[in-house]
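# Structural features, examined
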Amino acid sequence: MNDYNRILKVLMPNTKIYLIIIAVYTSIIFFYNINLGLAGLVILGALIYYNLLNLKARKNEWTKYIENLSSDLGLATKNAVLNLPLPLIICEEDGTVLWYNKCFGDLYVDTDFLGKKVNEFVKDINLRKILDKNIESLDKILIENKFYSVLINPIKVKEEKKEDKYIVMFYFVDRTDYFKLKEFYNQKKAAAALIEVDNFDEVVKNVDEGNRPELIAQLDKKINSWAAEMNAAIRKYDEDKYVLFMEEKYLNILQEKRFDILDDIRDINLGNKFPATLSIGVGKNGDSPLQLMDFAASSKDLALGRGGDQAVVKDGDKFLFYGGKTREVEKRTKVKARVVAHALANLMDQANEVIIMGHDTPDLDSLGASLGLFRAAKNRGKPAYIILNKPNISIQALLKRLEAMAEYSNIFITSDQAQNRLSKGTLLIIVDVHIKSFTEYPDIVDAVEKVVVIDHHRKSADFIDKAVLTYHETYASSASELVTEILQYISDKIEINSIEAEALMAGITVDTKNFSFKTGVRTFEAASFLRRWGADTMAVKQLLADDLLTYTMRADVVKSAKIIGGNIAIAVCKEAGDNISLVVPQAADELLDIKGINASFVLAVNGRDIMISGRSLGEINVQLILETLGGGGHMTVAGAKLSNVSLEQAEAMVIDAIKKYQEEGEAK
């Protein structure tokens, strides 16, 4: 048919051509015979007139055809909208319902929507937000116990002498079966857990021999009964370790109950001097069973690194924490200290030089531990340097004593100097901190191949994970205590200068608040070792002494404190100064001396940031509170740093964090 039409177009060209040919022939006839030419001219005029009439008629017919077609299309469109088998609603841009079809009306019983706002009956629709952000669809909208995906079509309507406005069409697609299937799948997915009794040896050894079998049986019974309630598969693969697989729906229940198995195990009492505690590491949403177990293992390591008695859930890259109510249990054995000291000695022997770094705004514990590691490197015959960008008042007295001694004249270097010294054989030791962003020079961590981390703070989720050697013991009072133990085993012939011994002693004294907090047997053993190497307690006292300005600022902060919840003190230091980093933690410590105060928080402006120090007597976990603000530390000693907020906003954030902690039932 198409070929036939093309042939007709070739054989029957446009009528204008015929008229032109006739006009040419009429002109020729005029040349030979005027009468015949006039007759031809009349015929030509008649043909032209007829052609014009024909063109006009065809144009009218075509216009009428187009109009009829448009009308048919409009009618078809209207019928399609009216009879659309999906719920449809049309709204003005302010949310007022203009029209809805029968399918949408059938979603509700005896409800008239015309003239009402759409968010009165579909709560999840925010029309202003949809138009501002050009949102094209919404997912999982709940209507009358069914789930819908909503497709959104905004249409611009032009009005004369008025601004453009919109009408918005919402198409509702029933996805109930899909979401139910998805929920069923998610609930049935496997989650893996690794469970360890933190202090199994200590608990068993400190109970009467006749009660030991019953104690172990009680532990097994409670853990296995707990697993049976979840229809979980559990196997004991060591005397204090278990592996467990459960469905994710049961894990959700455990999270809602905040892993109450931790409390059940802690309540076991058969004459044991120490309560038994669990560390639980859970992996969920892994791509394979192998990845689930990797998640569970890293979660359990994190739980142990935070002091135990808690559960950590790793969901992809996100960590969730539960528990952590009890203090860390001191480990009496020094086997790990000897192993770490031997490994550190080998790393130092292989290195060209050693660079040591603490946290930003270093205190006496950070500097004291750094000096101890400096001596360890020197004893191994390796050059060593300590990164120190900006001294602060808390370490000023120690630095002045070191400056007066030739051996320490060139050991402190800045970040730029450290960067220039880096080589393939550089060993970086990070002490008293395990979070990269909190270090004195964060960029150097990624620039060095071999990194060692020595810290005593409870482990955070964003810990440095590239370390070739990590000595992370939360039971220890301080980094100086850990370094002191390392010094005892790192070389056969130990040589420690008295100033280094005093710096380490000062570090222990600061973090234990004069041997009153987190002080165990090994703390006193470390102090005794340092005393034998010339640590003078009066010299240590002078390193800790304050000037009059610091003392009066601290007194003003304590005076300004207010009490919330009956037993928590919050104070704000509105003054600024170079000694602010010393005043804030000292004020937090002194607030605990007030009768009835179990925890304290002190805030102050420090440069462009707000620094927060939290202290506790043990009944309230200040670490968990300040972790919600991006901080960390210990159960009784913690800190945080906030940016881009005012002092008043920071205070409100701390109060909200305390309330959230109390609502979750972490406080005793």
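The rules we used
Residues numbered from 1 in each chain as written. Predicted model: local features only at pLDDT ≥ 70, side-chain atom pairs only at ≥ 80, totals over all residues. Heavy atoms only, no water. Helix = DSSP H or I, 4+ residues; strand = E, 2+ residues; numbered from the N terminus. Rg over C-alpha atoms; globule rule 2.2 N^0.38 Å. Buried < 20%, exposed > 50% of the residue type's maximum accessible area, 1.4 Å probe, protein only. Contact = heavy atoms within 4.5 Å. Areas by Shrake-Rupley, 256 points an atom, 1.4 Å probe, with all protein chains shown as cover. Lys, Arg positive; Asp, Glu negative; His and termini not counted. Charge placed at Lys NZ, Arg CZ, Asp CG, Glu CD. Axes fitted to C-alpha atoms, helices over the stretch in contact; angles between N-to-C directions. Parallel < 35°, antiparallel > 145°, perpendicular 65-115°, else oblique. Nonpolar A, V, L, I, M, F, W, Y, C, P; charged D, E, K, R; others polar. Pairing = 2+ DSSP bridges. Patch = residues over 30% accessible without salt bridge, like charges linked within 9 Å, V, L, I, M, F, W, Y side chains within 5 Å. Salt bridge = Lys/Arg side-chain N within 4 Å of Asp/Glu carboxyl O. UniProt positions renumbered as here; feature names shortened; annotations may be inferred. Polar contact = N/O pair within 3.5 Å; in protein donor to acceptor, adjacent residues only side chain to side chain. 1 Å grid on protein atoms, 1.4 Å probe; cavity = no way out; pocket = protein on both sides within 12 Å on 5 of 7 lines; lining within 4 Å. Points joined across faces, edges and corners; volume = space filled by probe spheres on them. Core = buried A, V, L, I, M, F, W, Y, C linked by side-chain atoms within 4.5 Å. Phe/Tyr/Trp six-rings, centres within 6.5 Å; stacked < 30°, edge-to-face > 60°. Domains from an automatic or database assignment. Buried area = accessible area lost by both parts, 1.4 Å probe.

### Some remarks on the overall build of the protein chain
For the protein chain, the count of helices and strands is 24 helices and 23 strands. Its C-alpha radius of gyration of 40 Å places the protein chain more than 25% over the 26 Å reference for a compact globule of 668 residues. Seen through its principal axes, the protein chain has C-alpha atoms that stretch 145 × 60 × 50 Å. Looking at the 668 residues of the protein chain, the share that counts as buried comes to 46%. Residue pairs in contact within the protein chain that sit at least 24 positions apart in sequence constitute 63% of those at least 6 positions apart. Here the protein chain has roughly 34800 Å² of accessible surface; of this, 53% comes from carbon and sulfur atoms. The average position of the 83 basic charges and that of the 93 acidic charges among the side chains of the protein chain differ by 4 Å.

### Quick word on the side chain of K241
Tracing the chain through its elements places K241 in strand 8 (residues 241–247). K241 has contacts with I195, E196, R235, K236 and K300, leaving out every residue within four places of it along the chain.

### What to know about the packing of helix 14 (residues 393–403) against helix 18 (residues 498–512)
Their axes nearest at 11 Å, the elements helix 14 and helix 18 cross at an angle of 170 degrees. Comparing their axes, helix 18 and helix 14 come out roughly antiparallel. For the pair formed by helix 14 and helix 18, the contact residues are L398, R401 and L402 on the first element and I499, E502 and A503 on the second. The class makeup of the residues in the contact of helix 14 with helix 18 is four nonpolar, no polar and two charged.

### Topic: the sheet that holds strand 4 (residues 146–157)
The five strands lie next to each other as 2-1-5-4-3, forming an open sheet whose pairing is antiparallel. A strand with exactly one partner marks an edge of an open sheet, and here the two such strands are strand 2 (97–100) and strand 3 (137–143). Pairs of neighbouring strands in the sheet enclose a mean axial angle of 30 degrees, with direction left out of account. Relative to the sheet, helix 6 (residues 176–188) contacts strand 3, strand 4 and strand 5 (165–174), its axis offset from that of strand 4 by approximately 130 degrees.

### Section: a nonpolar patch on the surface
A contiguous nonpolar patch, built from I17, I20, I21, V24, Y25, I28, F31 and Y32 and spanning about 910 Å² of accessible area, is present on the exposed surface. One can find I20 in helix 2 (residues 15–32). With a relative accessible area of 53%, I20 lands in the exposed category.

### Notes on the UniProt feature "binding site: Mn(2+) 2" (unreviewed entry) in the protein chain
As recorded in UniProt, the feature "binding site: Mn(2+) 2" (unreviewed entry) lies at D365, D432, H456 and D511. With the annotated positions falling across 147 residues, the maximum pairwise C-alpha distance of 11.0 Å places them together in a single cluster. Looking at the element boundaries, H456 is found in the loop between strand 16 (450–455) and strand 17 (469–472). Using a relative accessible area of 1% as the deciding quantity, one classes H456 as buried. Setting aside chain neighbours within four positions, we find H456 in contact with D365, D432, E473, T474, A476, S477, S478, A479, L482, D511 and H634. At a separation of 3.1 Å, a polar atom in the side chain of H456 contacts the side chain of D432. Turning to its location among the elements, D511 is positioned in helix 18. Judged by relative accessible area, which is 14%, D511 ranks as buried. Apart from residues lying up to four places away in sequence, D511 is in contact with D363, D365, H456, S477 and S478.

### Examining empty space enclosed by the protein
Leftover empty space is mapped by rolling, across the atoms, a probe with the size of a water molecule. Scanning the model with the defined rule gives one cavity of 30 Å³ or more in all. Put simply, the parts of the chain that give the lining of the largest cavity at least two residues each are helix 13 (364–379) and strand 13 (384–387). With three residues, helix 13 is the single largest residue contributor to the lining of the largest cavity. Taken together, the residues of the lining of the largest cavity sort by class into five nonpolar, four polar and one charged.

### Examining the nonpolar core
By size, the foremost hydrophobic cluster in this structure holds 58 residues, and its most contacted members are L344, M348, L398, I429 and I454. A total of eight residues in this core trace back to one element, the largest contributor, which is helix 13. Sequence-distant contacts of L344, that is, excluding residues within four places in its chain, are made with L373, I429, V452, I454, L469, I486 and I490. If you look at the next biggest cluster of nonpolar residues, it comprises 35 residues, including A191, A193, L244 and A276.

### A closer look at the packing of aromatic side chains
Evaluation of the coordinates by the stated rule reveals eleven aromatic pairs. Ring centres of Y148 and F172 lie 6.4 Å apart, and the angle between their planes is 80 degrees; this geometry places the pair in the edge-to-face category. Within this pair, whereas Y148 is found in strand 4, its partner F172 is found in strand 5, the two being separated by 24 residues in sequence. With relative accessibility at 4%, the residue Y148 sits in the buried group. Judged by its relative accessible area of 0%, F172 falls in the buried class.

### As for the sheet that holds strand 6 (residues 190–197)
With respect to topology, six strands assemble into an open sheet ordered 7-8-6-9-10-11, the strand pairing being mixed. With one partner strand each, in any of the chains shown, strand 7 (233–238) and strand 11 (318–323) form the two edges of the open sheet. For this sheet, the mean inter-axis angle between neighbouring strands, taken without regard to orientation, is 15 degrees. Across six bridges, strand 9 (residues 278–284) lies against strand 10 (residues 310–315) in parallel orientation. From the neighbouring strand, I280 faces strand 10, where its bridge partner is A311. Taken strand by strand, helix 9 (residues 248–256) contacts strand 6, strand 8, strand 9, strand 10 and strand 11, and its axis lies near 110 degrees from that of strand 8.

### Details of the domain arrangement of the protein chain
Taken domain by domain, the protein chain consists of domain 1 (13–81), domain 2 (88–182), domain 3 (189–323), domain 4 (334–544) and domain 5 (548–667). At the junction of the two partners, domain 3 supplies nine residues and domain 4 supplies eight residues. Around 600 Å² of area is buried between domain 3 and domain 4 when both sides are counted, 57% of it from carbon and sulfur atoms. Where domain 3 touches domain 4, the interface holds zero salt bridges. In this structure, the connection of domain 3 to domain 4 is made through zero residue pairs in polar contact (both at pLDDT 80 or more).

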